[in-house]
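What follows is each chain in one-letter form.
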Amino acid sequence: MKVSRLMSIGIALLLVLALASGALAQRKVTLWWTVEYSAEEKAALEAIVNDFQKETGIKVEWSGYSSTDLWAKVMAGIEAGNPPDISQVLSHSLVLLADRGLLADVSDLIEKYKGDMIPSGVEASYLVNSKAGKRSYYCIPWGLYTLTINYWTTDIKKAGYDKLPTDWQGFWGAFEKAQTVTGIPAVGWSLSDRAEFDVSWPVEQFIMAFGGRLIKDGKLDVGPENRKAVIEALKFHTKWYLEGKSPKGVTEWGDPDNNTNLQTHKMSVTLNATLSIPRWFYDKERDKYFNETASANYPQPGPLGTPYPVLTNIYPMIIPANAPNMKEAKAFADFWIQKRNYDKYIRGLEARFFPMYKSTFDDAYFANPKDPHIFPTRQHFFGPAAPVNWMLHPGYAKFVIGHGWHKMVSRVVVDKWPPEKAADEALEALKRAVERY
Amino acid sequence: MGVARTREGWGREAWQSYLFVLPFLALFVSFILYPLLSEVYYSFTRYEIGLAPRFVGLKNFAGLIQDSDYRQSILNTLIYVGMGVNAKLALALLIAIFLNREFAGRSLVQSLFLLPWAAATISSLLSFRWMLDTDFGVVNALLPLVGLQRIQWLGQYSTAMAIILMYHIWKYLPFWTLIFLSGLKGIPPDVYEAARVDGASPVQLLRWITLPMMKGLYIICTLISAIWTMGDFITVYLLTGGGPGQSTNVLATIAYRFAFRFGEFDNASACFVLLFPVMLVLILLVIRKLEASAYG
């Protein structure tokens with residue numbers, strides 16, 4: 001009798017303890033984020049995490065990765081049923097994940113702040129979900145970016161220019177002329193599989209410049225006009241290397257290599273998806289940031305004598321549809337994008353990415369005409385602008401993920417194929433990728 | 001004998017045996033058998049991220065065979081395994097024979113020789129990459145000094161594949177040399193002694209004693225090394241990333257591409273399932289060889 005009473009009391013106590021521990025268990029949110037560039041970026045992330053924890057009492061368990069590692073990790077986490085509550089992915093995989101219904105609909109958050117958001121960012125976040133048969137907002141476009149043009153003003157001056165010409169021929173011709181004077185290769189951008197957007201994006205941008213519009217109203221068009229644009233873009237993209245006007249190693253460059261090569265003045269100009277190169281000058285050699293280098297707006301009109309859109313893209317924050325702490329994830333996302341918090345964060349990134357809010361864009365930091373890098377790049381968002389094609393179709397995104405453009409470029413510079421043959425192979429692969437959807 | 005003597009005794013001892021084997025069995029089923037069978041199953045389904053697997057028969061295999069990148073990866077795997085393993089083991093045996101001789105400073109040479117194997121794989125791969133960088137690499141900095149032009153080591157297929165093979169041999173040669181060295185130490189000295197008394201030359205000792213007695217071990221090492229090399233991912237992934245133009249992928253890197261870039265677990269599984277018969281034959285050969293050397 002005594003024993004059974006004792007046991008009953010023991011069990012009751014255990015039950016109370018279990019219930020109490022459940023009630024007391026701290027609410028948390030798991031965050032996987034890219035931490036790959038600077039201490040300032042990490043500090044900006046830590047600041048927003050700390051502020052959120054302090055204000056809400058919700059614990060944030062965060063870990064940092066490089067963007068490519070994070071991409072694979074998010075895919076594996078979602079599939080294994082063990083995803084983070086909040087993360088980010090590269091834009092092309094965002095499109096695939098949204099299409100398969102793997103991301104939470106964040107329309108409630110977007111609608112709340114949409115009025116102040118840059119329209120192209122909002123547009124790029126409105127994605128197809130084939131599983132649910134609808135389009136909706138499946139990410140928060142927390143960072144905007146564009147293919148920046150960074151160059152050494154000193155080289156241009158040596159070639160006899162006060163300022164870069166603004167028409168297509170004059171603009172690129174200035175760098176060719178500079179090479180004849182300085183002996184430094186004119187242009188350097190990656191032509192290798194080891195880079196990601198540093199190959200796909202310039203190819204896409206040049207296709208646009210040569211009049212190509214591969215996705216129209218959500219459909220792929222690989223007709224003769226677009227084929228011609230792809231061929232011309234490919235010729236332009238590769239001619240610098242083939243004519244000895246690029247560093248020889250571009251066929252091996254990974255994403256950071258155009259940074260190091262421009263920083264060490266191994267070429268006069270490069271294209272880069274963020275302002276990370278000027279940031280490096282700002283931190284390490286500020287005089288060069290202001291007096292020896294600059295970023296340019298795109299030369300307009302284009303090679304065909306007509307204006308063309310500058311491609312912009314988003315860096316998305318996502319909440320997986322199977323996030324274990326959905327409520328907390330939404331609370332954290334909401335906290336993050338409230339202007340008072342968001343502005344601090346985006347400012348902490350020191351213009352590596354541009355803000356999603358119009359009002360933040362107008363901040364003196366982003367709108368200072370004396371800044372030789374931020375201000376000209378800012379103009380990319382306010383001229384004729386369009387989202388990159390891979391945001392517009394999941395099949396297209398898959399083609400880009402599979403390095404379809406990389407292969408086309410490699411066919412010309414490594415295998416020495418004629419551009420026409422390489423373009424046809426790529427367009428055939430693009431057609432196959434799109435047909436699956 | 002005692003195990004099966006009485007029903008009671010057999011039962012108790014058998015239970016104990018099963019109990020001891022149980023942890024291994026649980027691990028084997030969880031981490032080898034289940035993933036393996038799942039992989040075979042997924043290879044016959046359409047199974048992409050976010051989609052439930054759906055049986056599609058041989059469709060994935062047919063698709064893969066039409067995929068030029070996949071075909072290229074098969075060819076590269078054959079080159080990588082065929083040339084890498086054979087060159088590495090032949091060299092390892094020669095070096096082991098050399099190191100098995102008495103000479104001044106032998107311990108130092110042996111220790112230095114082991115260094116590549118001891119070096120961390122990722123750091124050494126990144127060092128290779130930097131040393132071979134077209135613009136900044138030390139190798140290309142030296143070439144003009146001897147009147148040669150700089151080479152795009154990792155930017156063209158032929159040199160990139162050669163570098164992948166070279167790294168593999170450099171990195172794993174010491175391990176296999178060590179194995180062969182221990183094999184050579186196992187050959188009784190009196191066999192050599194007797195042959196020397198009969199007037200055998202060093203070449204004849206090698207031809208008629210060392211090589212025949214090392215044959216079994218050599219074959220086993222070849223098979224094991226082939227199995228390991230077939231699954232190697234990191235060498236290609238870090239050295240070339242599969243480039244230029246997806247031309248240096250091996251099966252492991254192309255399967256990774258399918259799984260973690262496209263979310264196509266079906267094609268990733270099929271990549272390896274196509275390889276299973278080859279693997280199985282190799283494994284069976286290893287087992288037969290091991291049994292033969294144990295009971296022969």
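What counts and what doesn't
- Throughout, residues of each chain are indexed from 1 in the direction in which the sequence is written.
- Written order decides the labels, with chains lettered from A and ligands numbered from 1.
- Per-residue local features are limited, in this predicted model, to residues with pLDDT of at least 70; the limit for side-chain atom pairs, both in listing and counting, is 80 or more; totals at the level of whole chains, interfaces and linings are taken over all residues.
- Only DSSP runs of H or I covering at least 4 residues are called helices, and only runs of E covering at least 2 are called strands; the numbering of each starts at the N terminus.
- The globule rule used here is 2.2 Å times the number of residues to the 0.38 power, and the radius of gyration it is set against is calculated over C-alpha atoms.
- The burial criterion counts other C-beta atoms lying within 10 Å of a residue's C-beta, which is placed from the backbone; the residue is buried at 20 or more, exposed at 12 or fewer, and partly exposed between these limits.
- It is the C-beta atoms, placed from the backbone, that decide contacts: two residues are in contact if theirs lie within 7 Å.
- Among buried residues, those of type Ala, Val, Leu, Ile, Met, Phe, Trp, Tyr and Cys that are joined through C-beta atoms within 7 Å form a set called a nonpolar core.
- Segmentation into domains, and thus their bounds, comes from an automatic or database assignment.
- Side-chain classes are defined by residue name, with Ala, Val, Leu, Ile, Met, Phe, Trp, Tyr, Cys and Pro counting as nonpolar, Asp, Glu, Lys and Arg as charged, and the others, Gly among them, as polar.
- Strand pairing is assigned whenever DSSP detects at least two bridges linking the two strands.
- A clockwise path from the first strand over the helix to the second, with the strands pointing away from the viewer, defines a right-handed crossover.
- Fitted lines through C-alpha atoms give the axes, limited to the stretch in contact for helices. The angle between two N-to-C directions lies from 0 to 180 degrees.
- When describing relative orientation, an angle under 35 degrees is termed roughly parallel and one over 145 degrees roughly antiparallel, while 65 to 115 degrees is termed roughly perpendicular and anything else oblique.
- By definition, turning the near helix anticlockwise from the far helix through less than a right angle yields a left-handed crossing, and turning it clockwise yields a right-handed one.

Here the focus is the overall build of chain B. Each helix and strand counted, chain B has 13 helices and two strands in total. Here the C-alpha radius of gyration of chain B, 24 Å, is well above what a compact globule of 296 residues would show, namely 19 Å. Along the first, second and third principal axes, the C-alpha atoms of chain B reach 85 × 70 × 30 Å. Put simply, chain B has 296 residues, and 31% of those count as buried. Long-range pairs, those at least 24 residues apart, make up 68% of the contacts in chain B between residues at least 6 apart in sequence.

What follows covers the nonpolar core. Of all hydrophobic cores here, the largest spans 178 residues; its most connected members are Leu103, Val106, Ala333 and Tyr396 of chain A. With eleven residues, helix α7 (residues 157-185) of chain B is the single largest residue contributor to this core. A domain-level breakdown of this core finds at least three residues from each of domain 1 (27-145 + 313-361) and domain 2 (148-272 + 402-435) of chain A. Non-local contacts of Ala333 of chain A, meaning those with residues more than four positions away in its chain, are made with Ile86, Val106, Leu109, Ile140, Met317 and Ile319 of chain A.

When its domains are assigned, chain A resolves into domain 1 (27-145 + 313-361) and domain 2 (148-272 + 402-435). Distance between the C-alpha centres of domain 1 of chain A and domain 2 of chain A: 30 Å.

Between chain B and chain A, the residue contacts involve 22 residues of the former and 29 residues of the latter. The residue makeup of the side of chain B that touches chain A, split by class, is seven nonpolar, eleven polar and four charged.

So, about the environment of Lys421 of chain A. Along the chain, Lys421 of chain A falls in helix α20 (residues 419-435). Taking the C-alpha atoms as reference points, Lys421 of chain A and Ala98 of chain A, 323 residues apart in sequence, are found 34 Å from one another.

The omega torsion of the bond from Gln300 of chain A to Pro301 of chain A falls at 0 degrees, within 30 degrees of zero and hence cis. Along the chain, the position of Pro301 of chain A falls in the loop between β11 (293-296) and β12 (310-318). Between Gly243 of chain B and Pro244 of chain B the backbone carries a cis peptide bond, its omega angle lying at 0 degrees. By the secondary structure assignment, Pro244 of chain B is in the loop between α10 (234-239) and α11 (251-261). A positive phi is found at Asp217 of chain A, a non-glycine position, where the angle reads about 50 degrees.

All names here are of chain A. Pairing geometry for strand β1 (residues 28-34) and strand β2 (residues 59-65), over seven bridges, is parallel. Each residue of the ladder has a partner; that of Lys28, found in β2, is Lys59. Assessed by its sense of winding, the connection that carries the chain from β1 through helix α2 (residues 39-56) to β2 is right-handed.

All names here are of chain A. Contact pair helix α4 (residues 91-99) / helix α18 (residues 394-401): the axes reach a minimum separation of 8 Å and the direction vectors enclose 135 degrees. With respect to each other, α4 and α18 are oriented oblique. As α4 packs across α18, the resulting crossing turns out to be left-handed. The residues of α18 that touch α4, namely those facing His92, Ser93, Val95, Leu96 and Asp99, are Pro394, Ala397, Lys398, Val400 and Ile401.

This part is about the pairing of strand β7 (residues 148-152) of chain A. All names here are of chain A. Counting buried residues along β7, five of its five residues qualify, which places the element largely inside the surrounding structure. A two-sided burial pattern is seen for β7, the buried positions comprising Thr148, Asn150 and Trp152 on one face and Ile149 and Tyr151 on the other. Relative to strand β10 (residues 269-272), β7 is paired through four bridges, and the arrangement is antiparallel. Bridge pairing in β10 links Ile149 to Leu271. Note that β7 and β11 share four bridges and pair antiparallel. Residue Trp152 lies in a different strand from β11, and its bridge partner there is Thr293.

A word on the environment of Asp255 of chain A. Residue and element names in this part refer to chain A. If you trace the backbone, Asp255 turns up in the loop between α10 (224-242) and α11 (257-263). Between the alpha carbons of Asp255 and Asp193 there is a distance of 9.6 Å; along the sequence they are 62 residues apart. For Asp255, the contacting residues outside a window of four places in its chain are Ala195, Glu196 and Asp198.

All names here are of chain A. Remark: α10 packs on helix α19 (residues 404-413), axes separated minimally by 10 Å, with the N-to-C direction vectors making an angle of 45 degrees. Judged by the angle between their axes, α10 and α19 are oblique. Considering only the axes of α10 and α19, their crossing is right-handed. Across the interface between the two elements, Leu234, His237, Thr238, Tyr241 and Leu242 from α10 touch Met408, Val409, Val412 and Val413 from α19.

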